[in-house]
Amino acid sequence: MLATRAGSLALDHPVLLGVLNATPDSFSDGGLHLDPARAAAAAEAMVNAGAAALDIGAESTRPGARPVTAREERRRLLPVLTAVRRVVSVPLSVDTTKAEVAAAALDAGADIVNDVSAGRADRGMLPLCARAGVPIVLMHMRGRPATMQRRPAYRDVVGEVTAFLARRAAAARRAGVAADAIIVDPGIGFGKTVAHNLVLLARLDALAALGYPVLVGVSRKGFLGTLLGGAGPGERTYGAAAAVALAVARGARLLRVHDVAAMRDVVAVASAVARA
Ligand code: HH2
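Rules used in this analysis
Residues numbered from 1 in each chain as written. Predicted model: local features only at pLDDT ≥ 70, side-chain atom pairs only at ≥ 80, totals over all residues. Heavy atoms only, no water. Salt bridge = Lys/Arg side-chain N within 4 Å of Asp/Glu carboxyl O. Helix = DSSP H or I, 4+ residues; strand = E, 2+ residues; numbered from the N terminus. Buried < 20%, exposed > 50% of the residue type's maximum accessible area, 1.4 Å probe, protein only. Axes fitted to C-alpha atoms, helices over the stretch in contact; angles between N-to-C directions. Parallel < 35°, antiparallel > 145°, perpendicular 65-115°, else oblique. Left-handed = near helix turned anticlockwise from the far one by under 90°. Contact = heavy atoms within 4.5 Å. Nonpolar A, V, L, I, M, F, W, Y, C, P; charged D, E, K, R; others polar. Near = heavy atom within 4 Å. Polar contact = N/O pair within 3.5 Å; in protein donor to acceptor, adjacent residues only side chain to side chain. Areas by Shrake-Rupley, 256 points an atom, 1.4 Å probe, with all protein chains shown as cover. Core = buried A, V, L, I, M, F, W, Y, C linked by side-chain atoms within 4.5 Å. Expected span 1.5 Å × (residues − 1).

*Asks:* So what's going on with the pattern of salt bridges? Which residues, and what values?
*Replies:* It is possible for side chains bearing opposite charge to pair when their charged atoms get close. The tally for this structure, following the rule as stated, stands at 12 salt bridges. Here R62 ties to D25 by a salt bridge, and the two come within 3.1 Å at their closest N and O atoms. Note that R62 is positioned in the loop between β4 (53-57) and α2 (70-87) and D25 in the loop between β3 (15-21) and α1 (36-49), a separation of 37 residues in sequence. R256 is the partner of D55 in a salt bridge, and the nearest nitrogen-oxygen pair spans 2.8 Å. Taken together, the residues D55 in strand β4 and R256 in strand β10 (residues 254-257) connect sequence positions 201 residues apart. One exposure class covers both D55 and R256, and it is buried. If you follow the salt bridges from partner to partner, you end up with D55, D95 and R256 in one network.

Spelled out as structure tokens, the structure:
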């Protein structure tokens with residue numbers, strides 16, 4: 001179970017985290033949800049379609065993305081977050097690597113921090129989550145978004161990613177984050193080749209064995225396009241469905257997705273089979 005200020009997520013069944021990007025440049029939904037009213041409508045639709053929580057970000061982390069300042073990130077994020085908070089009661093996570101942005105988001109009604117740098121980008125992040133008593137997602141990334149896809153190399157990608165997340169979880173606990181407020185994520189697409197992404201998904205059980213709930217984000221990502229012969233982000237839903245189903249079978253507890261209605265059915269069936 002994951003306790004948040006907006007209620008608990010019972011993670012005995014996998015749940016969906018709907019993605020809402022308040023960015024002009026996200027790779028699949030850039031520009032769609034910068035307007036607070038449109039974002040709020042999209043948030044309501046995702047919750048009605050079965051999202052147990054929503055993840056709101058204002059800085060794209062797609063390969064090659066340029067970093068934005070904390071000021072610009074707050075300027076994009078806060079009106080959207082405030083509008084979404086007014087219309088939905090599910091837990092909201094904020095996708096940011098900056099403690100200043102996370103703190104402002106927590107004040108505006110966010111309940112969870114999703115840090116793709118696992119607390120490395122800003123040393124204030126883990127202490128902030130500890131003080132606020134909010135859960136944090138610790139994700140593995142090799143390098144930074146601007147450069148992470150330049151020749152990613154590992155000797156043993158599953159071992160290295162698992163060891164990294166164990167170290168970051170230990171750092172979070174040293175900073176005062178409760179053990180049951182930690183979520184780990186292999187960071188599909190973050191400094192990884194297609195083969196790395198596939199083996200991480202195939203061996204997700206190794207990550208789950210750390211004992212923290214595992215979050216996986218495959219939705220619309222580039223490795224699906226490669227496997228599907230060059231399909232664009234909007235044509236990757238069935239491919240994502242296969243990856244989500246297998247991730248659920250290997251122990252994923254939170255699935256970060258754009259296409260909530262489709263993935264609700266995928267998760268319902270995959271988790272029923274996994275538990276049979
Ligand atoms: N993927 C993206 C962004 N944030 N956070 C976690 N924990 N795990 C992920 O896999 C993950 C993430 C990238 O997807 P998206 O938000 O759709 O695109 P962009 O980074 O271009 O905004």
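Next, the rest of the story.
*Asks:* So what's going on with the packing of α2 against helix α3 (residues 99-107)? Which residues, and what values?
*Replies:* Between α2 and α3, the least distance of the axes is 10 Å, while the angle of their chain directions is 20 degrees. Between α2 and α3, the angle falls in the class roughly parallel. α2 and α3 meet at a crossing whose hand is right-handed. Listed contacts from α3 to A70, E73, R74, L77, L78 and L81 of α2 are E100, V101, A104 and A105. Looking at side-chain class alone, the contact of α2 with α3 contains seven nonpolar, no polar and three charged residues.

*Asks:* Hey, could you go over the site of the ligand for me, with residue numbers and the actual values?
*Replies:* For the ligand, the set of nearby residues contains 18 residues, the closest of which are S26, S60, T61, D185 and K221. Residue N114 places a side-chain N or O atom 2.8 Å away from a nitrogen atom belonging to the ligand. Take K221: an N or O atom from its side chain is 2.6 Å from an oxygen atom of the ligand. When the free accessible area of the ligand is taken as 480 Å², the share hidden by the protein chains comes to 99%.

*Asks:* Would you mind going over the side chain of E73 in detail, with residue names and values included?
*Replies:* Tracing the sequence through the fold places E73 in helix α2. Polar side-chain contacts of E73 include one of 2.5 Å to the side chain of K98. Those residues in contact with E73, other than ones at most four positions away along the chain, are A58, E59, V68, D95, T96, K98 and V101.

*Asks:* I'd like a rundown of unusual backbone geometry, residues and numbers included.
*Replies:* Its identity is not glycine, yet A118 carries a phi of approximately 55 degrees, on the positive side. By the element assignment, A118 lies in the loop between β6 (112-115) and α4 (125-132). Not every positive phi belongs to a glycine, and R151 is a case in point at roughly 45 degrees. As for its position among the elements, R151 is in the loop between β7 (136-139) and α5 (157-174).

*Asks:* So, the packing of α3 against α4: which residues are in play, and what are the values?
*Replies:* At a minimum axis separation of 9 Å, α3 and α4 run at an interaxial angle of 20 degrees. In terms of orientation, α3 lies roughly parallel with respect to α4. By crossing handedness, the relation of α3 to α4 is classed as right-handed. For the pair α3 and α4, contact is made by A99, A102, A103 and L106 and by M125, L128 and A132, respectively. Looking at side-chain class alone, the contact of α3 with α4 contains seven nonpolar, no polar and no charged residues.

*Asks:* Describe the environment of V19, listing the residues and the values that go with them.
*Replies:* For V19, the position within the fold is in strand β3. On the basis of relative accessible area, V19 is assigned to the buried category, the value being 2%. Sequence separation of V19 and V260 is 241 residues, and the distance between their C-alpha atoms is 8.8 Å.

*Asks:* So what's going on with the nonpolar core? Residues and values would help.
*Replies:* For soluble globular proteins, nonpolar side chains are generally found buried alongside one another. Counting residues in hydrophobic clusters, the biggest one holds 77 residues, and the most contacted among them are L54, V84, V113, V216, V244 and L255. Looking at which element gives the most residues to this core, the answer is α5, with eight residues. When residues no more than four places from it in sequence are discounted, the contact partners of L255 are P14, V15, L16, L17, V216, V244, A247, V248 and V267. A53, V137, I183 and L215 belong to the second largest nonpolar core, which has 11 residues in total.

*Asks:* Describe α1, and please don't skip the residues or the numbers.
*Replies:* Its 14 residues give α1 an end-to-end C-alpha distance of 20 Å, which sits within 8% of 20 Å, the value for a rise of 1.5 Å per residue. Along its buried surface, α1 packs onto β3, β4, α2 and α10 (260-275). Of the residues flanking the end of α1, it is G50, one or two places downstream, whose phi is positive at about 120 degrees.

Geometry only, nothing functional implied.
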